[in-house]
Amino acid sequence: MEWTGARYADTPTVEVDTWIDASPERVWALVSDVELMPSMSAELQSVRWQDGSSGPALGARFIGHSKHDALGEWETTSYIVEYEPLRVFAWAVEDPDRPTALWRFSLQSRNGGTQLSEWMRMGPGRSGLSFAIDRMPEKEQKIVFVRMREFETGITSTLAAIKQRAEAGTTGRTGA
């Protein structure tokens, strides 16, 4: 990620993609299993469905527990805002209308496998990062840049783990 000088209000984005030698069905089974994500993330520690849901559907909610050395530990509620099986899975963090972040997996069948993209947008709703910016407004651009670079690194790692599992033929928490 290159320096852009973005501020939080600019709602900066990051996107990483990879080609996976596996069918969209196999990749979808991984990306749509939010309870599997903590095993592929350094920051996300656990996920639990809300309102009696046990899997993804448009409007379903889940709570994620995260941990970061500099930011501490926190929980957020996410709302599934896009759900097109084998194509798009997206969720808004905290407020679907003004999220603190928006995350999206996109899948496309390509060259006998799957092109997988993970994208995220920071803001526009206030997040934990907003408090750091409030304390050091003169450092806002650096704070945003560092966090976006962390997101890019995390996304790259998550996609590598998804690729490894999909190409190995494992699709879930049980490894089957």
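Residues numbered from 1 in each chain as written. Predicted model: local features only at pLDDT ≥ 70, side-chain atom pairs only at ≥ 80, totals over all residues. Heavy atoms only, no water.

## A closer look at the sheet that holds strand S2 (residues 44–49)
Backbone-to-backbone hydrogen bonds join strands into a sheet, with any given pair of strands oriented parallel or antiparallel.
Stage number 1. Strand order in the open sheet formed by seven strands is S1-S7-S6-S5-S4-S3-S2, and the pairing between neighbours is antiparallel. A single partner strand is all that each edge strand has here, and the edge strands are strand S1 (13–20) and S2. Direction aside, the axes of adjacent strands within the sheet are offset by 20° on average.
Stage number 2. Sheet strands in contact with helix H3 (residues 140–168) are S1, strand S3 (61–68), strand S4 (72–84), strand S6 (101–110) and strand S7 (113–122), and its direction is about 15° off that of S1. (Pairing = 2+ DSSP bridges. Helix = DSSP H or I, 4+ residues; strand = E, 2+ residues; numbered from the N terminus. Axes fitted to C-alpha atoms, helices over the stretch in contact; angles between N-to-C directions. Contact = heavy atoms within 4.5 Å.)

## What about the side chain of Arg147?
Stage number 1. As for its position among the elements, Arg147 is in helix H3.
Stage number 2. For Arg147, a relative accessible area of 6% puts it in the buried group.
Stage number 3. Of note is the side chain of Arg147, whose polar atom sits 2.9 Å from the side chain of Glu150.
Stage number 4. Those residues in contact with Arg147 that lie beyond four places of it in its chain are Glu43, His68, Leu71, Trp74, Met122 and Leu129. (Buried < 20%, exposed > 50% of the residue type's maximum accessible area, 1.4 Å probe, protein only. Polar contact = N/O pair within 3.5 Å; in protein donor to acceptor, adjacent residues only side chain to side chain.)

## Comments concerning the environment of Ser46
Stage number 1. Checked against the element boundaries, Ser46 lands in strand S2.
Stage number 2. Residue Ser46 is classed as partly exposed on the basis of its relative accessible area, which comes to 31%.
Stage number 3. In this structure Ser46 touches Pro38, Ile63, Gly64 and His65, once residues within four positions along its chain are discounted.

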